[in-house]
Amino acid sequence: METETKKPATLRQVADLAGVSAATASLVLNRKGEISEATRTRVFRAMHELNYVPRGERPRSEFQGNDSLNTIRFLKIARHGQTVNRDHNVFISDYIDGMSYEATRRDYTLQVVSHEDADVSEILTGLDGSEPRGIIALGTEFSDEDVRAFLDCGLPNVIIDTHRPFMPGNFVDMDNDQLVYRALDYLMQNGFRRIGMVGSYSSVMNFRLRHDAFQRGMAEHGLPVEQDNMLSVASTIEGAYADSLEQLASVDQLADAFLCANDIIAFGFIRALRERGLSVPADVSVIGIDNLPTSAFFDPPLTSLDVPKRKIGAMAVRILDDLIAGSEAEPPVKVLVAGDLVLRDSVRTLDSES
């Protein structure tokens, strides 16, 4: 007579028995957070009752063939590939590192699936039968229709690297306003008053949010926005270079400093400046956004706004875990994570003038 092998208890089952969230059970297990003694006692009693063994302490054989038991899936989706491409693979890998760390802490298996030039509705239809507990989607290149498709997909989901202020979804993104304001503050501290921006016409919400933040930030600092110094270029290095070269030809008086919508655009823009005989930072100062590893080795090393990518990935898993564990519908959550400026040599400073 065959006997069915009993599956090991999960942290979620412990949480359910203890009457707490999976996040709280994880904090108790890892002896973190300000958890009351009564709650800790309930969680430990539930662990004992279910014979729960933390995932890292179980024999590997227990998990073979059970990878879908407690799986969450990260969907890396390139809709047009202008920003989700090999130039940003390191950036996306940091998101995945943050997700993987947090998923392991919360007793999940993280699956990563890539889709290129695929219809979002077809991707979601393809989830039928695979049974992930929830999904996290890279929304960098999402249209509003793509976002709506995820909101209606019927699975707990979180979208990262974009957000929609007026849509009732769960989003984790960098705080574009804070990043742009940080750059403007630094430029003003170093005496710059004529500041331009190199944005992008690529269909990426974060580019639009950064453009709007620049307009508001300049107004708040009492600085005029000169339309001649508001460039809009492609979001690839070659495209940004070609578009910048063309648009710079029609600028009568160039701004003293430019904020670029991301590092890739900054690389192309600096190349165009050089072709026009201008030096960075002696003639024009440049700041990027993303702090890609290449920025540290560029010539000159690029001052850039660092986006806390691992934290964004981890935060997405925390929110998804709460959605999965919740017995009732949760209100939408929109999290914006602040970043900081990494100073290098592409900005002329007051010290360098003395």
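Everything numeric here is computed off the predicted structure, so don't read it as measured data.

The rules we used
Residues numbered from 1 in each chain as written. Predicted model: local features only at pLDDT ≥ 70, side-chain atom pairs only at ≥ 80, totals over all residues. Heavy atoms only, no water. Helix = DSSP H or I, 4+ residues; strand = E, 2+ residues; numbered from the N terminus. Buried < 20%, exposed > 50% of the residue type's maximum accessible area, 1.4 Å probe, protein only. Contact = heavy atoms within 4.5 Å. Areas by Shrake-Rupley, 256 points an atom, 1.4 Å probe, with all protein chains shown as cover. Phe/Tyr/Trp six-rings, centres within 6.5 Å; stacked < 30°, edge-to-face > 60°. Lys NZ or Arg CZ within 6 Å of the ring centre and 35° of its normal. Core = buried A, V, L, I, M, F, W, Y, C linked by side-chain atoms within 4.5 Å. Pairing = 2+ DSSP bridges. Axes fitted to C-alpha atoms, helices over the stretch in contact; angles between N-to-C directions. 1 Å grid on protein atoms, 1.4 Å probe; cavity = no way out; pocket = protein on both sides within 12 Å on 5 of 7 lines; lining within 4 Å. Points joined across faces, edges and corners; volume = space filled by probe spheres on them. Nonpolar A, V, L, I, M, F, W, Y, C, P; charged D, E, K, R; others polar. Right-handed = clockwise from strand over helix to strand, strands pointing away.

A. View of the overall build of the protein. When helices and strands are tallied, the protein shows twelve helices and twelve strands. Taken across its 354 residues, the protein has 52% of its residues classed as buried. Sequence separation of 24 or more characterises 73% of the internal contacts of the protein that already satisfy a separation of 6 or more. Carbon and sulfur atoms make up 47% of the accessible area of the protein, which totals about 16800 Å².

B. Representation of the packing of aromatic side chains within the structure. What the rule picks out here adds up to four aromatic pairs. A centroid spacing of 5.3 Å and a plane angle of 90 degrees characterise the contact between phenylalanine 91 and tyrosine 95, whose relative ring orientation is edge-to-face. Taken together, the residues span about one helical turn, with phenylalanine 91 and tyrosine 95 both in helix 4 (residues 89–105) at a distance of four residues. Ring centres 5.4 Å apart and planes at 25 degrees place the aromatic pair phenylalanine 142 and phenylalanine 150 in the stacked group. What makes phenylalanine 150 buried here is its relative accessible area of 0%. Cation over ring: arginine 271 sits above tyrosine 241, and NZ or CZ is 3.7 Å from the ring centre.

C. Fine view of the side chain of aspartate 175. Of note, aspartate 175 is situated in the loop between strand 5 (171–174) and helix 7 (176–189). In this structure, aspartate 175 is in contact with Leu336, Val337 and Ala338, ignoring residues within four places of it in sequence.

D. Broad picture of the nonpolar core. If you look at the biggest cluster of nonpolar residues, it comprises 78 residues, and the most contacted ones within it are Ile160, Val172 and Val286. Ignoring anything within four residues of it in the chain, the contact list for isoleucine 160 reads Phe74, Tyr95, Met99, Ile136, Ala137, Leu138, Gly139, Thr140, Val172, Ile312 and Ala316.

E. The environment of glycine 19, seen in detail. Relative to the assigned elements, glycine 19 resides in the loop between helix 1 (11–18) and helix 2 (22–29). We classify glycine 19 as exposed; its relative accessible area is 59%. Considering only alpha carbons, one finds glycine 19 and valine 43, 24 residues apart in sequence, at a separation of 8.4 Å.

F. Molecular detail of the sheet that holds strand 4 (residues 157–160). Reading across from one edge, 2-1-3-4-5-11 is the order of the six strands in this open sheet, with parallel pairing throughout. Edge positions in the open sheet fall to strand 2 (109–116) and strand 11 (334–337), since each of these has one partner strand only. Shown here is a sheet whose adjacent strand axes are inclined to one another by a mean of 20 degrees, direction ignored. Bridge count between strand 5 and strand 11: four bridges; the pairing is parallel. Looking at strand 11, one finds that phenylalanine 171 is bridged to lysine 334. Its contacts with the sheet place helix 11 (residues 309–325) against strand 1 (71–78), strand 3 (134–138), strand 4, strand 5 and strand 11, and it is angled at close to 160 degrees to strand 4.

G. Looking closely at empty space enclosed by the protein. Throughout the structure, instances matching the rule amount to two cavities of 30 Å³ or more. Class assignment of the residues belonging to the lining of the largest cavity gives a composition of eight nonpolar, five polar and three charged.

H. How the structure looks around the pairing of strand 10 (residues 303–306). Where strand 9 (residues 285–290) and strand 10 come together, four bridges link them in parallel fashion. The partner of isoleucine 289 across the bridge, within strand 10, is leucine 305.

I. Structural view of the sheet that holds strand 8 (residues 257–260). Across the sheet, six strands lie side by side as 7-6-8-9-10-12; this open sheet has mixed pairing. Two strands bound the open sheet, and with one partner strand each, they are strand 7 (230–233) and strand 12 (340–342). Recorded for the sheet is a direction-independent mean angle of 25 degrees between the axes of neighbouring strands. Here three bridges tie strand 8 to strand 9, and the two strands are oriented parallel to one another. Among the inter-strand pairings, leucine 259 is bridged to a residue of strand 9, identified as isoleucine 287. On top of the sheet, helix 9 (residues 237–248) reaches strand 6 (195–200) and strand 7; it is set at about 145 degrees to strand 7, its chief contact.

J. Examining the pairing of strand 2 more closely. In this sheet, strand 2 lies alongside strand 1 in parallel orientation, the contact comprising eight bridges. Bridging across to strand 2, phenylalanine 74 finds its partner in valine 112. A crossover connection joins strand 1 to the parallel strand 2 through helix 4; in handedness this β-α-β unit is right-handed.

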